[in-house]
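Letter by letter, the chains look like this.
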Amino acid sequence: MNIEIDIEDSLPVFAQLIEQIKSAVLNNQLKAGDPLPSIRQLANDLEVNNKTVAKAFKFLERDGVIETKGYRGTYIHPDAKINSGIDINALIHTRLQAVVKELKAVGATDSELRIAFKNIVNDN
Amino acid sequence: MYSNLIFYPIFIAQIWLISIYYPSIISSRVKHVLQNYPADEYPKLYTHTPDYFVKRLAIFQFVNGVNSVLGLAILLAVAYWDSQTEGKISEAIPMAYYIIQMLPIALLELFTFKELKLMREQNDASKRSATLTPRKLTDYVSVSLLASAFICYLIFVVFVMFVYNFDFAIDGKLVMNLVSMTVMNLFFAGIIYWNLYGRKSDPHQAAEDRYKQVKAAITGLVIVSIVSSLFLVAMLAIQNYDLRLLLPSFSSLFVQLGVILTIGRAIKAMDLKSTNFDVYRK
């Protein structure tokens, strides 16, 4: 299957890659265990920097859509279809919104929340 | 001398094949493209005006013409020398002439490389596509052919070690032969890797045409590797069995075979009728 990017699109190239690979998994164009091209091959074919493709692969791996098996290459994750349906950004937004609402209800200020959030992110 | 008589028709074949036959095929292909795919309909195919390519083609044809005349002059000189001395013709003659013959082809390759670079720079398309299928060497060349190349290389290594009595002196012939063959194969491996995973040289080329081009290049290199190993084994055998008089004919046949397997195969694989030129339209 083919992937197409538009370098003049407002959406960054790495995000276009993530979106299209997830969409291909959801549409059964890519199935669990299917091999993916190497970062170098994909970057050269799309005439983009290796780091751009590496960034997309890193996010896809974090989201459980792909898995890297050392020198054997990169493959579609066994749970890719379920994981592709999960929108991490939406999940973060919903969870944080609930926590912020709860803390504001007990009197926490915006600056206290920002400082606490920054410290927690830095500690982890 | 009998062995010298064999050399003449073989050398004429070398002149014809490399300086007349293949250059004429290349020229007719370029003319076919210029006539059937004009710049106003296929602008992406042209980095310069058509006249620019016509002039370059004329230079290419002229240099090959000069090479053909030079070849005949060499042949006449060798025949004259042979009639006077009846000595052994040097195997360096077909090899040195082959290098001269390959100069216009090498310049053509360089010209194509520069034109494709210009084509990439002129490409203003914002949309780019790629396949999500990994490319593997075995998609382009059979395992049996790869195994044959490896086996032939091993045969060469073992043979050369026996011929030179395992004399691993750093400046000896054994080491020199082993190093040159290994370096050549590593060079081929580098070109194969570049073909497989490197940047698309033609930004507009259709995927199926790219596949055909890469397949022709890789298969050609693997076959040349096999032929080179076997050729050097045969050369060493000829030297050992006192058949040195056949060396010039053998050298000429080797370079001709190499050209047929690389240039000939590539021309056949990249058939113009099946090439997708629509990708170069406006």
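Because the structure is predicted, anything quoted here is derived from the model rather than measured.

Participant: So what exactly am I meant to see when it comes to the overall build of chain B here?
Facilitator: Along the backbone of chain B there are seven helices and one strand. Moving toward the C terminus, one meets the helices and strands of chain B in the order α-α-α-β-α-α-α-α. If you line up chain B on its principal axes, its C-alpha atoms span 65 × 45 × 30 Å. For chain B, with 282 residues in total, the buried portion stands at 42%. Summarising the internal contacts of chain B: among those between residues at least 6 apart in sequence, 80% fall at separations of at least 24. Here chain B displays about 15400 Å² of accessible surface, and carbon together with sulfur accounts for 68% of that area. Charged side chains of chain B number 25 positive and 19 negative; the gap between the two group centres comes to 7 Å.

Participant: Is there a simple way to think about the interface of chain A and chain B in this case?
Facilitator: Quoted interface sizes are often the accessible area lost when the parts come together. Facing the 21 residues of chain A at the interface are 17 residues of chain B. Contact with chain B buries area across many residues of chain A, yet Gln41(A), Asp45(A) and Glu47(A) alone supply 32% of it, more than any other trio. Our count for the chain A to chain B interface comes out at two salt bridges. With its nearest N and O atoms 3.0 Å apart, the salt bridge here joins Arg135(B) to Asp45(A). The tally of links between chain A and chain B comes to 13 residue pairs in polar contact (both at pLDDT 80 or more). Contributing elements (two or more residues each) for the side of chain A that touches chain B: β1 (2–6), β2 (35–36) and α2 (39–46) of chain A. No other element matches the six residues that α2(A) contributes to the side of chain A that touches chain B. Classifying every residue of the side of chain A that touches chain B gives 12 nonpolar, three polar and six charged. Of the strand pairs in this sheet, β1(A) and strand β1 (residues 127–131) of chain B are connected by five bridges, and their pairing is antiparallel. Its bridge partner lying in β1(B), Glu4(A) is registered against Ser129(B).

Participant: Quick question: what am I supposed to make of the sheet that holds strand β3 (residues 66–68) of chain A here?
Facilitator: Each strand in a sheet pairs with another by means of backbone hydrogen bonds, the pair being arranged parallel or else antiparallel. All names here are of chain A. Strand order across the open sheet formed by three strands is β2-β4-β3, with antiparallel pairing between neighbours. Every interior strand has two partners, whereas the edge strands, β2 and β3, have only one. In the sheet, β2 pairs with strand β4 (residues 74–76) via two bridges, with the strands oriented antiparallel. Its bridge partner lying in β4, Leu-36 is registered against Thr-74. Packing of helix α3 (residues 50–62) onto the sheet brings it into contact with β2, β3 and β4, and relative to β3 it is tilted by some 105°.

Participant: It is not clear to me how the pattern of salt bridges should be interpreted in this structure. Could you clarify?
Facilitator: Residues and elements named next belong to chain B. Applying the stated criterion to the full structure yields nine salt bridges over all chains. For the salt bridge of Glu-41 with Arg-281, the shortest nitrogen-to-oxygen distance reads 3.8 Å. With Glu-41 in the loop between α1 (2–36) and α2 (50–85) and Arg-281 in the segment after α7 (247–269), this pair connects stretches of sequence that are 240 residues apart. Given the relative accessible area of 39%, Glu-41 is considered partly exposed. The partly exposed category is assigned to Arg-281, whose relative accessible area is 35%. One salt bridge in this structure joins Asp-209 and Lys-212, with 3.5 Å as the shortest N-O distance. With Asp-209 and Lys-212 both in helix α6 (residues 207–240), this residue pair falls three residues apart, about one helical turn. Take Asp-209: its relative accessible area is 2%, and that puts it in the buried class. Overall, Lys-212 belongs to the partly exposed group, its relative accessible area being 22%.

Cut-offs and rules
Residues numbered from 1 in each chain as written. Chains lettered and ligands numbered in written order. Predicted model: local features only at pLDDT ≥ 70, side-chain atom pairs only at ≥ 80, totals over all residues. Heavy atoms only, no water. Helix = DSSP H or I, 4+ residues; strand = E, 2+ residues; numbered from the N terminus. Buried < 20%, exposed > 50% of the residue type's maximum accessible area, 1.4 Å probe, protein only. Contact = heavy atoms within 4.5 Å. Areas by Shrake-Rupley, 256 points an atom, 1.4 Å probe, with all protein chains shown as cover. Lys, Arg positive; Asp, Glu negative; His and termini not counted. Charge placed at Lys NZ, Arg CZ, Asp CG, Glu CD. Buried area = accessible area lost by both parts, 1.4 Å probe. Salt bridge = Lys/Arg side-chain N within 4 Å of Asp/Glu carboxyl O. Polar contact = N/O pair within 3.5 Å; in protein donor to acceptor, adjacent residues only side chain to side chain. Nonpolar A, V, L, I, M, F, W, Y, C, P; charged D, E, K, R; others polar. Pairing = 2+ DSSP bridges. Axes fitted to C-alpha atoms, helices over the stretch in contact; angles between N-to-C directions.

The values reported here are purely geometric and, on their own, carry no functional implication.
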